[in-house]
Amino acid sequence: QIVGFRLQSDALPIAGEKIFDEQHKEIGGVTSSTNSPMLSGNAIGFALLKKPFFALGSKLLVPAEGQLREAFVVKTPFVS
């Protein structure tokens, strides 16, 4: 399923990168991302994830700027 995700930093994931769970098992991939000026410049994006990881609040590990960074599945649209 395609879901929205948000990082707590401005590190930008690249489309096509694999996404991992907390045990570093592959659970999906980044489809697109950008930095959001409305969300303090934090990175947001969309990902295609396996079940059950697409539940709101699920913790993800996303490669961004040379490190695996923590992200969370969030409700879309990103800004109300």
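Okay, so let's go over this structure. No experiment lies behind these values; they were computed from the predicted model shown.

### Observations concerning the pattern of salt bridges
Here's step 1: In this structure the tally under the stated criterion is three salt bridges.
Here's step 2: Two residues, E22 and K59, come together in a salt bridge whose shortest N-O distance is 3.3 Å. Within this pair, whereas E22 is found in the loop between β2 (18-20) and β3 (26-35), its partner K59 is found in strand β5 (residues 59-64), the two being separated by 37 residues in sequence.
Here's step 3: Among the ionic pairs, K59 bridges to E70, the shortest N-O distance being 2.8 Å. A residue pair is termed long-range when its members are at least 10 positions apart, and K59 in strand β5 and E70 in strand β6 (residues 67-74) qualify at 11 residues.
Here's step 4: Its relative accessible area of 29% is what places K59 among the partly exposed residues.
Here's step 5: Overlapping salt bridges bring together E22, K59 and E70 as one network.

### Observations regarding a nonpolar patch on the surface
Here's step 1: Residues I2, F46 and L48 make up a contiguous nonpolar surface patch of about 280 Å² in total accessible area.
Here's step 2: Here L48 is to be found in strand β4 (residues 43-49).

### Concerning the environment of E22
Here's step 1: With 21 residues separating them in the primary sequence, E22 and Q1 have C-alpha atoms 19 Å apart.
Here's step 2: Not counting chain neighbours up to four residues away, the residues in contact with E22 comprise K59 and L61.
Here's step 3: A polar contact is formed between the side chain of E22 and the side chain of K59, at a distance of 3.3 Å.

Definitions and limits used
- Residues numbered from 1 in each chain as written.
- Predicted model: local features only at pLDDT ≥ 70, side-chain atom pairs only at ≥ 80, totals over all residues.
- Heavy atoms only, no water.
- Salt bridge = Lys/Arg side-chain N within 4 Å of Asp/Glu carboxyl O.
- Helix = DSSP H or I, 4+ residues; strand = E, 2+ residues; numbered from the N terminus.
- Buried < 20%, exposed > 50% of the residue type's maximum accessible area, 1.4 Å probe, protein only.
- Patch = residues over 30% accessible without salt bridge, like charges linked within 9 Å, V, L, I, M, F, W, Y side chains within 5 Å.
- Areas by Shrake-Rupley, 256 points an atom, 1.4 Å probe, with all protein chains shown as cover.
- Contact = heavy atoms within 4.5 Å.
- Polar contact = N/O pair within 3.5 Å; in protein donor to acceptor, adjacent residues only side chain to side chain.

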